[in-house]
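# Survey of secondary and tertiary structure
What follows is each chain in one-letter form.
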Amino acid sequence: MSAHASSPATTYRVGPVSRELTRAAAAALHAPSFLNTQPWHWRITHDTALLYADRRRRLGILDPTGRLLVLSCGAALHHACVTLAADGVYFEVDALPSDGDPDLLAVVRHRGAAEPSTRAQRMRRAIHSRRSDRRPFADRPVPEPAIERLCVAARRTEARLQMVWARDLGDLARAAGEAADAQLADPEYRAELAAWIRSPGEGHDGVPVDTLAALGARPVPVRDFSAAGAAATITSRVDIADRQARYGIIVTDGDGQHDWLTAGVALSAVLLTASAEHLAASPMSDLVEHEVARGTLRRMLGGVGYPAIAVRIGVPAPGEPPHPAPRRPAAEVIEVIADEIVDPARGPADGRTDDGNRPPGVGPPAR
Ligand SMILES: Cc1cc2nc3c(=O)[nH]c(=O)nc-3n(C[C@H](O)[C@H](O)[C@H](O)COP(=O)(O)O)c2cc1C
């Protein structure tokens, strides 16, 4: 027997389980993220998807603790889980496994087949239609049952959605004003914001100017991107925009990494549900970036829990929805490690996959 014939053949194969996880990670590319930084990295090996924080994409001035980065990753995690549930995959999530890598935020394990969830399928459809809609809302009230469904969606996670009472709107407006005054006076803030604003069609990340709304009068001011030199293109046809807007606060029990990840999961659940309910919404993190504003939010909550992020919710204005913000290419964000299959019955190792491709490199995550 020749030496060649006796050595086992190694082939590489991306099996159906890895493919399902990869599809979920690809759907998670559409998750909302802070200034569209998309600060995540997926590593798929056989039946496991590892979600890493890409901390090179953290905003040093706006997000010094990384809270909004982890929150963004939580939204991506939820998008992936919705996709798996919609596809009829039974899976388990281990959040912040203590394996010594502080960037490893979650491990998703494929555990076989399950009945596809119709609720998840509805949410999955919303993954593609959802936008951060910064346009002034229509002058129509948000139906109360829809608001209740948003709260239920958040309650299915470990966080909750606390709607702001009408009596607290003055405080909320003051908090937004305080945050804006302090942030806009800071040249470093303006420079960092400007660095993430893009011309339409430019690049794979950042906030395109054609998704930004001109300021105008609003009872609760939204983040002023124009101070960073962005000429917003969406204008309001009403004197006072957002008169019927509702505001919710995602609240967590604590204020650590696990809570931030949970808040991102809840944010995604609320935004996808809002989209499925044909509502418009946009996150407002300026209210938690500035400590004084965050303190106001905490007082509004009666000191119970921690405000992770605020959401503005309304009936969408008539007309075309905002353009989709760009996304990073899947190949940059998702790393798939092929299964190595050793078959002693076959010829010498040729290092090819079963569909003729060279195997993806096995190594540390390219983050
Ligand atoms: C943690 C977090 C904070 C955000 N903060 C704001 C904000 O303060 N103002 C805003 O207009 N959009 C905010 N957004 C929305 C992002 O800018 C938006 O998700 C991103 O640009 C991608 O666009 P898309 O949501 O339309 O897909 C935030 C999103 C996340 C996840």
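Data block above holds the structure.
Read on for a plain summary of the structure. (Residues numbered from 1 in each chain as written. Predicted model: local features only at pLDDT ≥ 70, side-chain atom pairs only at ≥ 80, totals over all residues. Heavy atoms only, no water.)

### Examining the overall build of the chain
If you tally the helices and strands in the chain, you get 11 helices and 13 strands. Among the 367 residues that make up the chain, the fraction classed as buried is 53%. Long-range pairs, those at least 24 residues apart, make up 77% of the contacts in the chain between residues at least 6 apart in sequence. Counting only carbon and sulfur atoms, one obtains 53% of the accessible surface of the chain, whose full area is about 16,300 Å². (Helix = DSSP H or I, 4+ residues; strand = E, 2+ residues; numbered from the N terminus. Buried < 20%, exposed > 50% of the residue type's maximum accessible area, 1.4 Å probe, protein only. Contact = heavy atoms within 4.5 Å. Areas by Shrake-Rupley, 256 points an atom, 1.4 Å probe, with all protein chains shown as cover.)

### Describing the nonpolar core
The biggest cluster of nonpolar side chains holds 61 residues, and the ones touching the most others in it are Leu35, Leu161, Leu172, Leu193, Ile250, Leu287 and Leu297. In terms of residues, this core owes the most to one element, helix 8 (residues 257–276), which gives six residues. Composition of this core by domain shows at least three residues from each of domain 1 (7–124 + 329–343) and domain 2 (131–314). The residues touching Leu287, leaving out its near neighbours within four places in the chain, are Leu172, Ala175, Ala176, Ala293, Arg294, Leu297 and Ala310. Counting residues in each nonpolar core, the second largest holds 35 residues, with Ala25, Leu69, Ala75 and Val265 among its members. (Core = buried A, V, L, I, M, F, W, Y, C linked by side-chain atoms within 4.5 Å. Domains from an automatic or database assignment.)

### With respect to the sheet that holds strand 2 (residues 40–45)
Pairing is mixed across the open sheet formed by five strands, whose spatial order is 4-5-3-2-12. Two strands lie at the open edges of the sheet, namely strand 4 (89–95) and strand 12 (334–337), each paired on one side alone. Adjacent strand axes in the sheet meet at a mean angle of 20°, parallel and antiparallel pairs treated alike. Note: strand 4 against strand 5 (residues 104–113), six bridges, orientation antiparallel. Looking across to strand 5, one finds that Glu92 is bridged to Arg109. With respect to the sheet, helix 2 (residues 16–27) is in contact with strand 2, strand 3 (48–53), strand 4, strand 5 and strand 12, its orientation differing from that of strand 2 by roughly 170°. Helix-sheet contacts for helix 3 (residues 67–86) involve strand 2, strand 3, strand 4 and strand 5, and the interaxial angle to strand 4 is about 160°. (Pairing = 2+ DSSP bridges. Axes fitted to C-alpha atoms, helices over the stretch in contact; angles between N-to-C directions.)

### Focus on helix 3
Counted at 1.5 Å a residue, the expected span for helix 3 with its 20 residues is 28 Å, and the 29 Å between its end C-alpha atoms agrees. Burial of helix 3 is extensive: 20 of the 20 residues sit out of reach of the surface. Following helix 3 by one or two positions, Gly88 has its phi on the positive side, about 75°. (Expected span 1.5 Å × (residues − 1).)

### A look at the site of the ligand
Around the ligand, 23 residues are found, and the nearest of them are Arg130, Ser132, Arg134, Ser285 and Arg327. With respect to the ligand, the side chain of Arg130 contributes an N or O atom lying 2.9 Å from an oxygen atom. Surface burial for the ligand is 97%, taken as the share of its 620 Å² of free accessible area covered by protein chains. Top element by residues in the shell around the ligand is helix 3. It accounts for three residues. Of the residues in the shell around the ligand, the class split is 12 nonpolar, five polar and six charged. (Near = heavy atom within 4 Å. Polar contact = N/O pair within 3.5 Å; in protein donor to acceptor, adjacent residues only side chain to side chain. Nonpolar A, V, L, I, M, F, W, Y, C, P; charged D, E, K, R; others polar.)

### What about the packing of helix 5 (residues 144–155) against helix 8?
Between helix 5 and helix 8, whose axes approach to 8 Å, the crossing angle comes to 145°. Handedness of the helix 5/helix 8 crossing: right-handed. Contacts between helix 5 and helix 8 involve Arg149, Leu150, Ala153 and Ala154 from the former and Ala269, Val270, Thr273 and Ala274 from the latter. Residues of the contact of helix 5 with helix 8, tallied by class, amount to six nonpolar, one polar and one charged. (Left-handed = near helix turned anticlockwise from the far one by under 90°.)

### Section: the packing of aromatic side chains
Enumeration over the complete set of coordinates arrives at zero aromatic pairs. Above the face of the Tyr306 ring, Arg298 is positioned so that its terminal group lies 4.1 Å from the ring centre. Across the ring face of Phe137, the terminal group of Arg312 is positioned such that the distance to the ring centre comes to 3.8 Å. (Phe/Tyr/Trp six-rings, centres within 6.5 Å; stacked < 30°, edge-to-face > 60°. Lys NZ or Arg CZ within 6 Å of the ring centre and 35° of its normal.)

### Points about the pattern of salt bridges
One pass over the structure, following the stated rule, counts 21 salt bridges. The partner of Asp205 in a salt bridge is Arg57, and the shortest N-O contact between them spans 3.0 Å. Linking Asp205 in the loop between strand 7 (197–198) and strand 8 (207–208) with Arg57 in the loop between strand 3 and helix 3, this pair joins segments that are 148 residues apart in sequence. For Asp205, a relative accessible area of 12% puts it in the buried group. Between Glu92 and Arg111 there is a salt bridge, with its nearest N and O atoms 3.0 Å apart. Taken together, the positions of Glu92 in strand 4 and Arg111 in strand 5 put the pair 19 residues apart, joining distant regions of the chain. Judged by relative accessible area, which is 42%, Arg111 ranks as partly exposed. (Salt bridge = Lys/Arg side-chain N within 4 Å of Asp/Glu carboxyl O.)

### So, the side chain of Arg312
By secondary structure assignment, the location of Arg312 is in strand 11 (residues 306–314). Reaching out from Arg312, the side chain makes a polar contact with the side chain of Asp242 at a distance of 2.8 Å.

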